Amino acid sequence: MKRISLTQHLVEEQRLHHSITAELRLLIEVVASACKHISHSVGKGALGDVLGTAHSENVQGEVQKKLDVISNEILLEANEWGGHLAAMASEEMETIHPIPHRYPMGEYMLLFDPLDGSSNIDVNVSIGTIFSVLKAPEGMTTPLEKDFLQAGCNQVAAGYAVYGPQTLLVLTTGNGVNCFTLNRETGSWILTERHMMIPVETKEFAINASNARHWHPPVQRYINELLAGSEGPRGHNFNMRWIASMVADVHRILCRGGIFMYPADARDPDKPGKLRLMYEANPMAFIVEQAGGAATNGNQRILDIVPEKLHQRVPVFLGSKAEVELVTSYHRV
């Protein structure tokens, strides 16, 4: 495969499919540059005094790590001034972040989880950044929260970066999924895999099994069938993998097949799930569907859900299509 840069790839996409405007291309490049900056901060670890907690909580009531705060600031500062955005929204902030008046206002809106898998930071396990791009509503002059409340099928781009043994950027603009590897010597993102497709056959699943006693009956049924192995109704053995970093778990599924599940459970009936629809579920669902997989909340396609609030939570089942369709069908019995 010819090794080309992220910029060249986006320019070629722009020419071939006419689905990427020059403004969107520049926006993606800025986000990619911010992810490179975050990767550098992550790589310093204790040497950069970036480990441990920030002694603060985010809007979700979760204790923030220092790198959560640092990554959020990197993404805000990188994207404020370019003229591509009307506003931003982050999992770490209570409300939206309009572009300051001293900068031109663009036609896109950016949502992000600045550092996914924060519990893994201090033990040197892969973490990442997830992002989603929406078009600003026609005629919008002053961005409001309601302008972000669009179904995931309206996304014009989505991606994630994985900060692991290699730093990877996985991206879709609606024409398949491509993977870029950061050349740490030159600082360039290089296209290393085109048109990624989730393998149809799978023998792996990802779920936090410590919550098993709280799962609803459809999830218990599905997992019990997997655990029964070759002697059970599925007729073969499955392996469980759980990294507790969505980007790392989903990236493995993108490469090797499988299903990722973070279901609702019986602990808090008012909380429909743990993952956030707009910062995590929507961008990952867009990527997974573009790679031939499926993503539901157990009842409907995730990308069809119209959000009611900025930090809405949702159950998530995504990955190899047949497995997602099977566990979803158990919810409908």
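Before reading further, recall that the structure is shown in the block above.
Described in the following lines is the structure provided in the data block. (Residues numbered from 1 in each chain as written. Predicted model: local features only at pLDDT ≥ 70, side-chain atom pairs only at ≥ 80, totals over all residues. Heavy atoms only, no water.)

A few words on the sheet that holds strand β6 (residues 127-135). With mixed pairing, 8 strands are arranged side by side in an open sheet as β4-β3-β5-β6-β7-β8-β9-β10. Looking at the sheet topology across the chains shown, the edges are occupied by β4 (97-98) and β10 (188-193). Strand direction decides the pairing type here: strand β9 (residues 177-183) and β10, joined by 5 bridges, are antiparallel. Of the residues in β10, the one forming a bridge with cysteine 179 is glutamate 193. Helix α3 (residues 66-80) rests against β3 (85-90), β4, β5 (108-116) and β6 of the sheet, and its axis sits at about 155° to β5. (Pairing = 2+ DSSP bridges. Helix = DSSP H or I, 4+ residues; strand = E, 2+ residues; numbered from the N terminus. Contact = heavy atoms within 4.5 Å. Axes fitted to C-alpha atoms, helices over the stretch in contact; angles between N-to-C directions.)

Another point: the sheet that holds strand β11 (residues 204-206). Judged by pairing direction, the sheet is mixed, and its 5 strands sit side by side in the order β12-β11-β13-β17-β15 without closing on themselves. Two strands close off the open sheet at either side, each with one partner strand: β12 (239-240) and β15 (294-296). Summarising the sheet, strand β13 (residues 259-262) and strand β17 (residues 316-319) pair through 4 bridges and their orientation is antiparallel. Bridge pairing in β17 places tyrosine 262 opposite valine 316. Lying over the sheet, helix α7 (residues 277-290) contacts β15 and β17, oriented at roughly 25° with respect to β17. Running over the sheet, helix α8 (residues 321-331) touches β13, β15 and β17 and is turned about 155° from β17.

Okay, the packing of aromatic side chains next. Across all of its chains, the model carries 3 aromatic pairs by this definition. Ring geometry for tryptophan 242 versus phenylalanine 260: centroids 5.8 Å apart, planes at 15°, classification stacked. Remark: phenylalanine 260 occurs in strand β13 and tryptophan 242 occurs in the loop between β12 and α6 (246-256); sequence separation between them is 18 residues. Pairwise contacts between aromatic rings join Trp242, Phe260 and Tyr262 into one cluster. Positioned over the ring face of tyrosine 330 is arginine 221, at 3.6 Å from the centre of the ring. (Phe/Tyr/Trp six-rings, centres within 6.5 Å; stacked < 30°, edge-to-face > 60°. Lys NZ or Arg CZ within 6 Å of the ring centre and 35° of its normal.)

With that settled, consider α3. An ideal rise of 1.5 Å per residue puts 21 Å on 15 residues; α3 measures up with 22 Å between its terminal C-alpha atoms. Within α3 the residues assigned to the buried category are Leu67, Asp68, Ser71, Asn72, Ile74, Leu75, Leu76, Asn79 and Glu80. (Expected span 1.5 Å × (residues − 1). Buried < 20%, exposed > 50% of the residue type's maximum accessible area, 1.4 Å probe, protein only.)

A few words now on the environment of valine 314. You can see valine 314 is positioned in strand β16 (residues 313-314). Taking the C-alpha atoms as reference points, valine 314 and leucine 191, 123 residues apart in sequence, are found 32 Å from one another. When neighbours within four sequence positions are excluded, valine 314 is seen to be in contact with Tyr262, Pro272, Gly273, Lys274, Leu275, Arg276, Leu277, Ala281, Asn297 and Ile305.

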